[in-house]
Amino acid sequence: MAAEPVLKVIFEHEGVFVHPNVDEGGIEQDLLVSGSLRILDKDAEILVEFRPLEDTVDPSNMLCAGKDSSSVMEWTQCPREKTQSHQLLETQHSYETEWDMVNAVSFRKKASTNGEGSLNHSHERSRLAFSVSISDLRSITVKDEGWTFLILQLKESNTSLPPLHFHQGGSREFLDSLRRFALLTECPDDETCLLVSTPNKALSQSFENLLDDNNFGLVHKLRRDPYVTTLGGFSKVTNYIFDALRGAEEQHQRPPEEVADLLGEVIPGLEINQQEEPGFEVITRTDLGARPRVIRGEPLSVDDWTKHQDPEGRMINVAQLKQAIFKGGLYHVLRKEAWKFLLGYFPWNSTLEDRKSVQRSKTDEYFRMKLQWKSVSEEQEKRNSRLRDYRSLIEKDVNRTDRTNRFYEGIDNPGLALLHDILMTYCMYDFDLGYVQGMSDLLSPILFVMENEVDAFWCFVSFMDQMHQNFEEQMQGMKTQLIQLSTLLRLLDPAFWNYLESQDSGFLYFCFRWLLIRFKRELSFQDVLRLWEVMWTGLPCQNFHLLVCCAILDSEKQKIMEENYGFNEILKHINELSMKLDIEEILQKAEGICLQIRSCKDLPHSIGTILGFDTEHRGSHQTESGSTSAPRPTPQPEVCSNGHLRENRPQNSCKVAFIS
């Protein structure tokens, strides 16, 4: 008896429309045939399928306003929990109640008055259904007429399938899903046309074997869910990557350029140039001198903080204050106030009255944005796939974020409701980015400290301004930081860097999680608070978090090299450091590394650019009158389209940290 075919749904989106042509049969011109578009894996063959739904949509149907709905927010609480939440929000609730009354909107379907018309519609629907293999697709043309529609053309006979109209969005998600299984390249003669080519099946299957849940491949998971992928599945991933690199029968390692090409697919946009070109600054062995011994200080006290305020509440001697916070951090009782300054929510020179005015204004602005998602009815949300996706990811992440912390533990904890609401509101603040998994880890400590919905939101916004590129689709921030980290490590310890390179670890992917969510999963909760407030001072240099990475690696290099760890062992060892790190020791060593590099007379230009030392040198030049000239802005390293750092030089050449 033949086995049933294995069918996996890779992508599914309802609300895709086909516009039937008017013909002699009298098909209605205004009729839109709505259907479900899916990408299926059927016994390792990838299919694109469109199936019309039973109900057609007639534009003459009218919108009918329903009664007031109180169910627009799906997160419900019992009366006792609402009381707890109100206590956390204090006086803010008076604002929120003004936003709660909204109208739901529903569609009323118009019944067909003609049975023959229904028969014609049914025939039209069946005629428009199709299912094709992606290997049979020649091209996809992307058009825009106020909405996006796609035209799929087949290889044989150059025939086109019925155009698919995405009136309710979803075309980008469809193309992104398709890119997991086919290469879509822009046609040289027509920028609206994407040529479809399918990769080698054996290699594709090796990547699909990286699945650890929900049938999502590594490339898709890293793009849509970098946090969970690096946290849970990255150690498993490496075996498959390097099996693919070496091949089933090939025992020797492939050339570096092939390794770079395949690993470039893992982090979208990360391309490694293996060739030296004119203008490259090759980092050779540099004498950095002895590393200074550093002593950490005590946390800043309330009395010390108060001494830095004038009678109207302005902060004074800010540079000295930041230095004290950098050296010792803050006592917890101070964090609620001090973090607002460190994150830029409050200006350092603002008076107490200024800050009250800022809070009133920001409270109103926050709840106006909160209204936008709370007033979306279920019917509206059915036609907004991006909002549905954001809500689904947020609800999933909220329920697994810091649940052992007293602020978030237990079922239906009011802290979880605040976490959920802030993240949903951030989607309204930055709808292009929306929500990406891992962002809840960045918000959790801030909300824990603030214990206030509005203040936590705006502090989170400021933090996300720093972290935004980490979560963008192309992961520009992650790409740049990995290159910069490799550059620093190669300067600090060429022997260790060369060892990592020999073990296929020169790309430093094992540091991915550290950089993505700023060591949130590597340290205890209290140590995370200490590290973040120290980093937010901006001292003692630019990109200090990269030196924190170097400090951790410096402590672990001896074990890694003595035990002769390979790629998988290195990754496993680094992952197992979680919750075993001493934050004060790490900060002490990282500051020592900074002072050691700063004292180097022949420091490579690229290092000075990464750490911002160029600004200091320019700012220290004296004018003829003897006064110190104001420092000019530091030219930030540009990132070329191929992912390399570009030096600010006349030849405008790419600067690469990975030079073999």
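These numbers come from a predicted model, not from an experiment.

1. Quick look at the overall build of the chain
- Across its full length, the chain holds 26 helices and 14 strands.
- The buried share of the chain, taken over its 660 residues, is 52%.
- As displayed, the chain has an accessible area near 31,600 Å², and 48% of this comes from carbon and sulfur atoms.

2. Quick notes on the packing of aromatic side chains
- Counted by the stated rule, this structure contains 25 aromatic pairs.
- Their ring planes at 85° and their centres at 6.0 Å tell us that F407 and F448 sit as a pair that is edge-to-face. With F407 in the loop between α14 (385-398) and α15 (414-429) and F448 in helix α16 (residues 439-450), the pair connects residues that are 41 residues apart, well separated along the chain. In terms of burial, F407 and F448 fall into one category: buried.
- Ring pairing ties together the aromatic residues Y366, F367, Y426, Y429, F457, W458 and F460, which thus form one cluster.
- Positioned above the aromatic ring of W458 is the side chain of K362, whose terminal nitrogen or guanidinium carbon lies 4.1 Å from the ring centre.

3. What about the environment of G344?
- Considering the arrangement of structural elements, one finds G344 in the loop between α11 (332-342) and α12 (352-374).
- Owing to a relative accessible area of 51%, G344 belongs among the exposed residues under this scheme.
- Sequence spacing of G344 and F463 is 119 residues, and the spatial spacing of their C-alpha atoms is 9.1 Å.

4. Concerning unusual backbone geometry
- P540 follows L539 through a cis peptide bond whose omega is -5°.
- Summarising the element assignment, P540 is placed in the loop between α21 (525-535) and α22 (544-562).
- Positive phi is not limited to glycine here, since N317 has a value of about 50°.
- Note on N317: relative accessible area 48%, which makes it partly exposed.
- Although it is not a glycine, M475 sits at a positive phi angle of roughly 55°.
- With respect to the helices, strands and loops of the structure, M475 is situated in the loop between α17 (453-471) and α18 (476-492).

5. Points about α11
- For α11, the full list of buried residues reads L334, R335, A338, W339, K340, F341 and L342.
- The elements touched by buried residues of α11 are α9 (302-307), α10 (318-328), α12, α16, α17 and α21.
- Following α11 by one or two positions, G344 adopts a phi angle in the positive range, close to 85°.

6. A few points about the packing of α18 against helix α19 (residues 494-502)
- Two numbers describe how α18 lies on α19: the axes approach to 5 Å, and their chain directions differ by 125°. Here α19 runs oblique to α18, going by the angle between their axes. Counting all contacts with α18, which are made through S486, L489, R490, L491 and L492, the residues of α19 involved are P494, F496, W497 and L500.
- Grouping the constituent residues of the contact of α18 with α19 by class yields 7 nonpolar, 1 polar and 1 charged.

7. Some points on the packing of α14 against α15
- α15 packs onto α14 with a crossing angle of 150° between their chain directions and a minimal axis gap of 10 Å. The orientation of α14 relative to α15 falls into the category roughly antiparallel. As α14 runs across α15, the sense of the crossing is right-handed. Within the contact between the two elements, α14 uses L387, Y390, R391, I394, E395 and V398 and α15 uses L416, L419, H420, L423, M424, C427 and M428.

8. Focus on the nonpolar core
- With 121 residues, the main nonpolar core has W305, I446, F471, F544 and L547 as its most contacted residues.
- With residues up to four places along the chain from it excluded, the contact list for L547 reads L488, C541, A590, I593, C594, I597 and L611.
- Counting residues in each nonpolar core, the second largest holds 30 residues, with F11, V18, L128 and L194 among its members.

9. What about a nonpolar patch on the surface?
- Taken together, the side chains of V302, Y331 and V333 define a hydrophobic patch exposed on the protein surface, amounting to about 290 Å² of accessible area.
- When you line up the elements, V302 lands in helix α9.

10. Structural notes on α15
- Over its 16 residues, α15 runs 23 Å from end to end, which matches the ideal 22 Å to within 8%, given 1.5 Å per residue.
- Most of α15 is tucked away, with 15 of its 16 residues classed as buried.
- N-capping of α15 is provided by N413, with a side-chain oxygen placed 2.6 Å from the backbone N of G415.

11. Points about the state of the cysteines
- Under the counting rule described, the total for this entry stands at 0 disulfides.
- With no disulfide of its own, C550 lies closest to C549 among cysteine sulfurs, the gap being 6.8 Å.
- Exposure remark for C550: the relative accessible area of 2% places this residue in the buried category.

12. Considerations on the pattern of salt bridges
- Scanning all chains against the criterion turns up 29 salt bridges.
- When the shortest N-O distance is used, the salt bridge between R314 and D310 registers 3.4 Å.
- Take R314: its relative accessible area is 29%, and that puts it in the partly exposed class.
- The residue K340 makes a salt bridge to D455 at a minimum N-O spacing of 3.2 Å. Within this pair, whereas K340 is found in helix α11, its partner D455 is found in helix α17, the two being separated by 115 residues in sequence. Each member of the pair, K340 as well as D455, carries the same accessibility label: buried.
- Among the charged side chains, a network of salt bridges with common partners joins R291, D493, D554, K557 and K589.

13. Thoughts on the pairing of strand β2 (residues 33-42)
- Of all 10 residues making up β2, 9 are buried, and the element is well covered by its neighbours.
- Bridge analysis of strand β1 (residues 7-18) against β2 gives 10 bridges, and the strand direction is antiparallel. Looking across to β2, one finds that L7 is bridged to K42.
- Hairpin connection of β2 to strand β3 (residues 45-52): 2 residues between the antiparallel strands, including D43 at a positive phi of 50°.

14. Observations concerning the confidence of the model for the chain
- For the chain, the average pLDDT comes to 75, and 66% of its residues sit at 70 or higher.
- Here residues 22-30 scores under 50 on pLDDT; set against residues more than four positions off or in separate chains, the count is 11 contacts.
- Residue range residues 231-282 is modelled with pLDDT below 50. Its contacts to residues more than four positions away, or to other chains, number 100 contacts.

Each value, and the rule that gives it
- Residues numbered from 1 in each chain as written.
- Predicted model: local features only at pLDDT ≥ 70, side-chain atom pairs only at ≥ 80, totals over all residues.
- Heavy atoms only, no water.
- Helix = DSSP H or I, 4+ residues; strand = E, 2+ residues; numbered from the N terminus.
- Buried < 20%, exposed > 50% of the residue type's maximum accessible area, 1.4 Å probe, protein only.
- Areas by Shrake-Rupley, 256 points an atom, 1.4 Å probe, with all protein chains shown as cover.
- Phe/Tyr/Trp six-rings, centres within 6.5 Å; stacked < 30°, edge-to-face > 60°.
- Lys NZ or Arg CZ within 6 Å of the ring centre and 35° of its normal.
- Contact = heavy atoms within 4.5 Å.
- Axes fitted to C-alpha atoms, helices over the stretch in contact; angles between N-to-C directions.
- Parallel < 35°, antiparallel > 145°, perpendicular 65-115°, else oblique.
- Nonpolar A, V, L, I, M, F, W, Y, C, P; charged D, E, K, R; others polar.
- Left-handed = near helix turned anticlockwise from the far one by under 90°.
- Core = buried A, V, L, I, M, F, W, Y, C linked by side-chain atoms within 4.5 Å.
- Patch = residues over 30% accessible without salt bridge, like charges linked within 9 Å, V, L, I, M, F, W, Y side chains within 5 Å.
- Salt bridge = Lys/Arg side-chain N within 4 Å of Asp/Glu carboxyl O.
- Expected span 1.5 Å × (residues − 1).
- Polar contact = N/O pair within 3.5 Å; in protein donor to acceptor, adjacent residues only side chain to side chain.
- Disulfide = S-S within 2.5 Å.
- Pairing = 2+ DSSP bridges.
- pLDDT = per-residue confidence, 0-100.

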